[in-house]
Amino acid sequence: MSSGEACLVVDIDGAARRLDVATVREVVRAPAVARVPASPPGVRGLAALRGRLIPVVDLADSPSPPDRRLTGYLVVIAVEERLVGLVVDRIGGVIDASTAAELPAVDLGRLAERA
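Structural notes, computed from the coordinates. Note that the coordinates shown come from a computational prediction; the quantities given were computed from them, not determined experimentally.

Okay, the overall build of the protein chain next. A tally of helices and strands in the protein chain yields two helices and eight strands. Walking the protein chain from its N terminus toward its C terminus, one meets helices and strands in the order β-β-β-β-β-β-β-β-α-α. Sorting the 115 residues of the protein chain into buried and exposed places 38% on the buried side. A separation threshold of at least 6 residues defines the contact pool for the protein chain, and within that pool the share at least 24 residues apart is 62%. Of the roughly 6400 Å² of accessible surface on the protein chain, 50% is carried by carbon and sulfur atoms.

The next thing to look at is the environment of G42. By the secondary structure assignment, G42 is in the loop between β3 (24–29) and β4 (43–49). On a C-alpha basis, the gap between G42 and V56 in space is 8.6 Å, while along the polypeptide they are 14 residues apart.

The next thing to look at is the pattern of salt bridges. Using the criterion set out here, one finds three salt bridges in the structure. Between D11 and R90 there is a salt bridge; the shortest N-O distance is 3.0 Å. Within this pair, whereas D11 is found in strand β1 (residues 6–12), its partner R90 is found in strand β8 (residues 90–96), the two being separated by 79 residues in sequence. For R44, the salt bridge identified is with D58, shortest N-O distance 3.7 Å. Taken together, the residues span a long stretch of sequence, with R44 in strand β4 and D58 in the loop between β5 (52–57) and β6 (73–79) at a distance of 14 residues.

With that settled, consider unusual backbone geometry. Phi angles above zero are rare outside glycine, and R50 is one such case at about 55°. Of note, R50 is situated in the loop between β4 and β5. Positive phi is not limited to glycine here, since E81 has a value of about 65°. You can see E81 is positioned in the loop between β6 and β7 (82–88). Note on E81: relative accessible area 84%, which makes it exposed.

Before going further, it helps to examine the pairing of β1. Counting buried positions along β1 gives seven out of seven residues, so the element sits mostly inside the fold. Neither face of β1 is open: one carries A6, L8, V10 and I12, the other C7, V9 and D11, and all of them are buried. The sheet contact formed by β1 and β8 spans six bridges and is antiparallel. Counted as the bridge partner of L8 is V94 from β8. In the sheet, β1 pairs with strand β2 (residues 15–20) via six bridges, with the strands oriented antiparallel. Of the residues in β2, the one forming a bridge with I12 is A15. Linking β1 back to β2 in an antiparallel pair, the connection comprises two residues, with D13 at a positive phi of about 55°.

The rules behind each value
- Residues numbered from 1 in each chain as written.
- Predicted model: local features only at pLDDT ≥ 70, side-chain atom pairs only at ≥ 80, totals over all residues.
- Heavy atoms only, no water.
- Helix = DSSP H or I, 4+ residues; strand = E, 2+ residues; numbered from the N terminus.
- Buried < 20%, exposed > 50% of the residue type's maximum accessible area, 1.4 Å probe, protein only.
- Contact = heavy atoms within 4.5 Å.
- Areas by Shrake-Rupley, 256 points an atom, 1.4 Å probe, with all protein chains shown as cover.
- Salt bridge = Lys/Arg side-chain N within 4 Å of Asp/Glu carboxyl O.
- Pairing = 2+ DSSP bridges.

These values are about where atoms sit, not about what they do.
Pasting the structure below:
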């Protein structure tokens, strides 16, 4: 299975979603996130990851309060030539894209807008 033929399945706000593995750079346990004053809704703040600060975005329909510590995972994704951390509740695994086609895709455009 090559990267263009595989999807990472994640749970966001209790719903399964798919991501093309070609966009995924890494998956880590949710790190500490520094709040950024006046951030738009859904932006949790910034996380230090491997010496870089990356914006952390929560696409849940009802994101948890920004001051609440994250407990799930952070999927680091390349969006429009930059890295963005996506908050997810659970990692479902990597599956064939044809199998994952029935799942809604993570809206990378919405993710980019928020970051």
